[in-house]
Amino acid sequence: MTKTVRFAAEGGPEVLELVDVELGEPGPGELRLRVESIGLNRAEAMFRAGLYFERPGEFPAKLGYSASGIVEALGEGVTGFGIGDAVSTVAGFSMRNYGVYGEAAIVPATAVLRRPEGLGANETVALWGPFLTAYGALVDEGRVRPGDFVLITAASSSVGLATIDVANHIGAIPIAATRTAAKKQRLLDAGAAHVIVTDEEDIAGRTREITGGRGAEFVFDAVAGEGVRKLAEATAKGGTLVVYGALDTKETPFPLWFVPTMRLFNAFDLTMDPERLARAEHFIRAGVRAGTFRPRVDRVFDLADIAESHRYLEANGQFGKVVVTVGG
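Just so it is clear, the structure is predicted and the values come from calculations on it, not from any experiment.

**Q** Explain the sheet that holds strand 11 (residues 216-221) to me, please; I cannot follow it from the model alone.
**A** Within a sheet, adjacent strands bond to each other through the backbone by hydrogen bonds, running parallel or antiparallel. Spatially, the six strands line up as an open sheet ordered 10-9-8-11-12-13, and their pairing is parallel. The open sheet has two edge strands, strand 10 (194-197) and strand 13 (261-264), and neither has a second partner. Strand after strand, the sheet turns through a mean of 20 degrees between neighbouring axes, direction not considered. Note: strand 9 (residues 173-178) against strand 10, four bridges, orientation parallel. Following the sheet pairing, Ala-177 is matched in strand 10 by Ile-196. Most of the contacts of helix 6 (residues 203-210) go to strand 10, to which it runs at about 160 degrees, and overall it touches strand 8 (149-152), strand 9, strand 10, strand 11 and strand 12 (235-243).

**Q** It is not clear to me how the pairing of strand 6 (residues 104-108) should be interpreted in this structure. Could you clarify?
**A** In summary, the side chains of a regular strand alternate between the two faces of the sheet. The buried fraction of strand 6 is high, at five of five residues. Pairing analysis gives five bridges linking strand 3 (residues 30-39) to strand 6, with the strands arranged antiparallel. Across the sheet, the residue bridging to Glu-30 is Pro-108, located in strand 6.

**Q** Sorry, what's going on with the pattern of salt bridges here?
**A** Pairing of side chains with opposite charge becomes possible as their charged atoms draw close. Inspection of every chain in the model, using the stated rule, returns 21 salt bridges. In this structure, Asp-20 engages Lys-3 in a salt bridge whose closest nitrogen and oxygen atoms are separated by 3.4 Å. In this pair, Asp-20 is assigned in strand 2 (residues 16-21) and Lys-3 in strand 1 (residues 2-7), connecting sequence segments 17 residues apart. Overall, the relative accessible area of 35% leaves Lys-3 in the partly exposed class. Of the charged contacts in the structure, one is a salt bridge between Arg-206 and Glu-201, with a shortest N-O distance of 3.3 Å. Assessed through its relative accessible area of 23%, Arg-206 is described here as partly exposed.

Parameters at a glance
- Residues numbered from 1 in each chain as written.
- Predicted model: local features only at pLDDT ≥ 70, side-chain atom pairs only at ≥ 80, totals over all residues.
- Heavy atoms only, no water.
- Pairing = 2+ DSSP bridges.
- Helix = DSSP H or I, 4+ residues; strand = E, 2+ residues; numbered from the N terminus.
- Axes fitted to C-alpha atoms, helices over the stretch in contact; angles between N-to-C directions.
- Contact = heavy atoms within 4.5 Å.
- Buried < 20%, exposed > 50% of the residue type's maximum accessible area, 1.4 Å probe, protein only.
- Salt bridge = Lys/Arg side-chain N within 4 Å of Asp/Glu carboxyl O.

These figures capture arrangement, not role.
Spelled out as structure tokens, the structure:
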């Protein structure tokens, strides 16, 4: 039997329960890993609460995209991995079918990457998801160029911090937006060229001031909702406003009169395309080797405290990735 997180109904963090299940053996194309660390994602909190783009197909439901661990069993047809390999999972599957919150997990082998040399389990779950998102949006799809200004909302999140690193890596100029001044210096220390404190400054006006009046060529937004109107004003003529999250669950308008290009970024388009994922993996490994990509862990919880870890995640006070460790 394996201790695994399940929830019997959608709701708040209190619905998460640690229960014993019979995990079984991996099927064709799958592998089983002994989980060492789990990286929490906002998507999982939304899935638990019934606010995600997909809902559980049945209850009790599983959840979780990001885990690091050791391969302990291979399903039929799986190649490229061996028993004992240190690996991590990426969001390349549906949580209706798979979940990694537990002492062990069965996942598609196509959603597994080897752990970069020199990184531990906690660091690795803070690496792949955030940097795949940042690379996919800015480089793979966004074609951001050296010298472009990149405006980043929710900049102290794990994706926001990864986006600062990716922007600097390719020679772009990251502008970090944060709600209060409490994280301003930490964002500057993390590599932001400029920081906008949105409780005190007008984000559109300040962005135009920083960019010499033209606005940011690329705006990367985790919030959505009514705030996109101001972000559209902050976008340069010919620039792009990309929404990748929905921290604000209210309707998101399309501000036609402000911005020529506004679109969504869906990381699944990258993680479920083997060729694109392979290119992203090469890019991220190169950044790790160069020392310019720095996965940041904010706080570590124990698996037994999974509900408390979700409460902390939803309080929005973190600076980097919230991690849950398994088995000590």
